[in-house]
Amino acid sequence: NVAEELERAREALRPIPITALCSADDLDCRGRPTLDEMVDHLRDGYDVLYLVAHGALSKDGEPLLWLEDAGGQADVIAADDTWRPDGRRVSGLVSRLSEMPRLPRLVILASCQGAGVGDEPASPDTHVLSALGPRLAEAGVPAVVAMQGSITMATVARFMPALFKELRRDGQIDRAVAAARQAVQERSDWWMPVLFTRLESGELFSRHGRAVGDEPEAFWTRLLKDIGRL
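Residues numbered from 1 in each chain as written. Predicted model: local features only at pLDDT ≥ 70, side-chain atom pairs only at ≥ 80, totals over all residues. Heavy atoms only, no water.

Asker: What is the right way to look at the packing of helix α1 (residues 2-13) against helix α5 (residues 153-170) in this model?
Answerer: The relative placement of two packed helices is expressed as an angle between their axes plus a distance between the axes. Where α1 contacts α5, the axes come no closer than 7 Å and their chain directions differ by 30°. Taken together, α1 and α5 sit at an angle that is classed as roughly parallel. Of the residues in α5, those in contact with Arg8, Glu11, Ala12 and Leu13 of α1 are Met153, Val156, Met160, Pro161, Phe164 and Arg168. Across the contact of α1 with α5, the residue classes break down as seven nonpolar, no polar and three charged. (Axes fitted to C-alpha atoms, helices over the stretch in contact; angles between N-to-C directions. Helix = DSSP H or I, 4+ residues; strand = E, 2+ residues; numbered from the N terminus. Parallel < 35°, antiparallel > 145°, perpendicular 65-115°, else oblique. Contact = heavy atoms within 4.5 Å. Nonpolar A, V, L, I, M, F, W, Y, C, P; charged D, E, K, R; others polar.)

Asker: Teacher, can you tell me more about the pattern of salt bridges here?
Answerer: Oppositely charged side chains can form a pair if their charged atoms are brought close together. Counted according to the given criterion, the structure contains twelve salt bridges. Arg102 is the salt-bridge partner of Asp47, the closest N and O atoms lying 2.5 Å from each other. Remark: Arg102 occurs in the loop between α3 (93-98) and β7 (106-110) and Asp47 occurs in the loop between α2 (35-42) and β1 (48-52); sequence separation between them is 55 residues. Classification of Asp47 by relative accessible area gives partly exposed; the value is 25%. Asp81 is the partner of Arg89 in a salt bridge, and the nearest nitrogen-oxygen pair spans 2.5 Å. Owing to a relative accessible area of 47%, Arg89 belongs among the partly exposed residues under this scheme. (Salt bridge = Lys/Arg side-chain N within 4 Å of Asp/Glu carboxyl O. Buried < 20%, exposed > 50% of the residue type's maximum accessible area, 1.4 Å probe, protein only.)

Asker: Help me understand the packing of α5 against helix α6 (residues 173-183), please; the structure alone is not making it clear to me.
Answerer: Packing of α5 against α6 leaves a shortest axis separation of 8 Å and a crossing angle of 145°. Between α5 and α6 the crossing geometry is right-handed. On α6, the residues that touch Arg158, Phe159, Ala162, Leu163, Glu166, Leu167, Arg169 and Asp170 of α5 are Ile173, Arg175, Ala176, Val177, Ala179, Ala180, Arg181 and Ala183. Partitioning the contact of α5 with α6 into residue classes produces ten nonpolar, no polar and six charged. (Left-handed = near helix turned anticlockwise from the far one by under 90°.)

Asker: Explanation requested: the pairing of strand β3 (residues 63-68) in the structure shown.
Answerer: Of all six residues in β3, five are buried; the element is thus mostly enclosed. Sheet analysis places strand β2 (residues 54-57) next to β3, joined by four bridges and oriented antiparallel. Paired with Leu57 across the two strands is Pro63, which belongs to β3. Between β2 and β3, which pair antiparallel and follow one another directly, the connecting turn spans five residues, one of which, Gly61, has a positive phi of 80°. With five bridges joining them, β3 and strand β4 (residues 74-78) adopt antiparallel strand pairing. Residue pairing in the sheet places Trp66 in a bridge with Val76 of β4. Hairpin connection, β3 to β4: the antiparallel pair is bridged by five residues, and Gly72 has positive phi, about 85°. (Pairing = 2+ DSSP bridges.)

Asker: Would you mind showing me how to read the sheet that holds strand β10 (residues 143-147) here?
Answerer: Sheets are built from strands paired through backbone hydrogen bonds, the pairs being either parallel or antiparallel. If you trace the four strands from one edge of the open sheet to the other, you get β1-β7-β10-β11, paired in mixed fashion. Edge positions in the open sheet fall to β1 and β11 (193-197), since each of these has one partner strand only. For this sheet the average axis-to-axis angle between neighbouring strands, irrespective of direction, equals 15°. Here β7 pairs with β10 via three bridges, running parallel. Among the inter-strand pairings, Ile108 is bridged to a residue of β10, identified as Val145. Lying over the sheet, α5 contacts β1, β7, β10 and β11, oriented at roughly 170° with respect to β7.

Here it is in structure tokens:
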């Protein structure tokens, strides 16, 4: 249910303005959820990527995500590059993001509502997201929040707003995740959200909302590359 998933994301991120990619003519979407469109938008300098997708693990244990192609059909995207039988390379999600001059500061990996019973539906795809989280952190994303098991949508609906509320308070992603877990501590699956981070201090954003850079040298290197492309 695209409308419900989009509303859940908007509620979690509010009042942060968002750009949505989805296949629904009656919703406020800026394009299809293809890998190319996602990367093109991220080049505009977004700080947060909130990715909702079904997934699976390959026979080799590689995480796979179901996005769309330009025609609206399912497009299975691997984490790393793969090769077709004719020898052509197919870019994976992690490699496409790692090629960007400026990565998002935070990536949220959330699964669509999947298998479950009654009013406690849970997604079966979350183990894929916990496998993808470390790959994104290794590629240079400062902080990744993923699910390490099957989590109920009721828990997600309470965890995410608490996460962003606390993150806006002081920019500390480790404290925000801990506080959001506490907000759902009475839930049996409170421990499912996990943080992968390469930050030493845990400071993802400054108190005034400005993104904190990795180090001055990296900032100037990326700036010069951007200037060189003009």
